[in-house]
Amino acid sequence: MIKLYIDNWEIHATEGISVLQAALDSEIYIPNLCWVREMTDPPASCRLCFVEIAGRPAPVTACTTIVENDMEVHTDTEAVRELQRTSLKLLLSAHHVDCGHCPANKKCELQNLARFLKVKLKPAEFPTYQPTGLIDTSHPHLDYNRDRCVLCGRCVNACRDKNGRPLFTFAGRGSETIVTPLFPPAGQALDKDASLVCVDLCPTGALTRKG
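Keep in mind that this is a model prediction, so the values were computed, not measured.

1. A short note on the overall build of the chain
For the chain, the count of helices and strands is five helices and 10 strands. By the compact-globule yardstick of 17 Å for 211 residues, the chain fits well, its C-alpha radius of gyration being 18 Å. Principal axes of the C-alpha set define a box for the chain whose edges measure 55 × 40 × 30 Å. The buried share of the chain, taken over its 211 residues, is 45%. By sequence separation, contacts in the chain at least 24 residues apart represent 60% of the contacts at least 6 residues apart. Accessible area for the chain stands at about 11200 Å²; split by element, carbon and sulfur atoms hold 50% of it. Seen as two clouds, the 23 positive and the 25 negative side-chain charges of the chain have centres 7 Å apart.

2. Considering the sheet that holds strand S7 (residues 142–145)
Overall, antiparallel pairing links the three strands, which are arranged S6-S7-S10 in an open sheet. Every interior strand has two partners, whereas the edge strands, strand S6 (135–136) and strand S10 (207–209), have only one. Across the face of the sheet, helix H5 (residues 192–201) comes into contact with S7 and S10 while running at roughly 125° to S10.

3. Digging into helix H4 (residues 154–163)
Along H4, the positions that sit buried rather than exposed are Arg154, Cys155, Val156, Asn157, Ala158 and Cys159. Those residues of H4 that are buried lie in contact with helix H3 (109–117), strand S8 (168–171), strand S9 (178–181), H5 and S10.

4. A short note on the state of the cysteines
For the coordinates displayed, the defined rule picks out one disulfide. Across the disulfide from Cys159 sits Cys198; the S-S distance is 1.8 Å. What sets the handedness of the Cys159 and Cys198 disulfide is the S-S torsion sign, and at about -45° it is left-handed. Highlighted residues: Cys159 in helix H4 and Cys198 in helix H5, separated in sequence by 39 residues. We note that Cys63 lacks a disulfide partner, and the nearest cysteine sulfur, in Cys49, lies 3.7 Å from it. Accessibility expressed as a relative area gives 4% for Cys63, which makes it buried. You can see Cys102 has no disulfide; the closest cysteine sulfur is in Cys108, sitting 6.1 Å from it.

5. Here we look at the pairing of S9
Only one face of S9 is covered, namely the one carrying Val179 and Pro181; the face carrying Ile178 and Thr180 has none of its residues buried. Of the pairings in the sheet, the one linking S8 to S9 comprises four bridges and is antiparallel in character. Looking across to S9, one finds that Ala171 is bridged to Ile178.

Parameters and conventions
Residue numbers restart at each chain and count upward from 1, following the sequence in its written direction. Only residues with pLDDT of at least 70 are given local features in this predicted model, and only at 80 or more are side-chain atom pairs given and counted; all residues enter the totals for whole chains, interfaces and linings. Each side-chain value is derived from all of the structure's non-hydrogen atoms; neither hydrogens nor water enter the calculation. Counting from the N terminus, the helices are DSSP H or I runs at least four residues long and the strands are E runs at least two residues long. A radius of gyration in this sense is built from C-alpha atoms; the matching globule rule multiplies 2.2 Å by the number of residues raised to 0.38. Throughout, exposure labels follow a simple rule: accessible area from a 1.4 Å probe, protein chains only, divided by the maximum for the residue type, with under 20% read as buried, over 50% as exposed, and the rest as partly exposed. By definition, residues are in contact when any of their heavy atoms lie within 4.5 Å. Surface accessibility follows the Shrake-Rupley procedure with a 1.4 Å probe radius. Residue values consider only the protein chains on display as shielding. When charges are counted, Lys and Arg are positive and Asp and Glu negative, with His and the chain ends excluded. To locate a charge, take atom NZ for lysine, CZ for arginine, CG for aspartate or CD for glutamate. Paired strands are those between which DSSP finds at least two bridges. Axes, fitted as lines to C-alpha atoms, cover a helix only where it is in contact. Angles between the N-to-C directions of the axes lie from 0 to 180 degrees. Any pair of cysteine sulfurs within 2.5 Å is marked as a disulfide.

Quick look at the structure:
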């Protein structure tokens with residue numbers, strides 16, 4: 001076991017796990033969105049899990065930093081919170097805030113993050129997202145709503161890890177980036193259960209089951 005200190009609490013963690021997992025296992029919350037437990041190669045794309053570590057020149061992402069003996073981690077410094085708030089505002093700027101009509105309302109991870117970090121769901125620092133109305137219904141088991149998606153990549157990365165093969169990918173560039181399903185070769189069946197795992201992983205209601 002590794003001994004480290006998070007916010008001055010002595011923590012014992014399994015060797016090889018990330019600082020994020022060690023903190024969450026010890027009920028110390030670090031904001032995160034794109035990370036899923038047991039993910040083999042976290043993309044750190046949401047940039048929410050910044051922490052400061054004694055001896056390091058700049059904050060690092062907790063999901064990609066492996067625990068070390070006697071490491072000193074700080075999760076709630078002013079610099080860390082500022083980075084986390086900026087990251088959340090950027091995510092929200094790519095999202096159509098329409099909670100009253102969203103199936104994820106009151107269980108949405110964006111709402112929880114905004115509450116924790118004291119960030120408005122429509123931050124004034126960035127232009128208001130203009131909804132595209134794009135809903136991809138080409139998948140037989142689920143629908144994809146671009147306006148609810150923040151491109152965190154859970155359905156691309158975590159779903160690939162859980163199913164052993166990719167079921168979704170990113171398409172397009174810049175503000176036109178979307179998530180799109182990967183269909184098996186002709187003649188091969190699409191695994192419904194594997195597809196629905198991706199729906200359950202979506203933190204914002206962008207993926208929903210058909211029917």
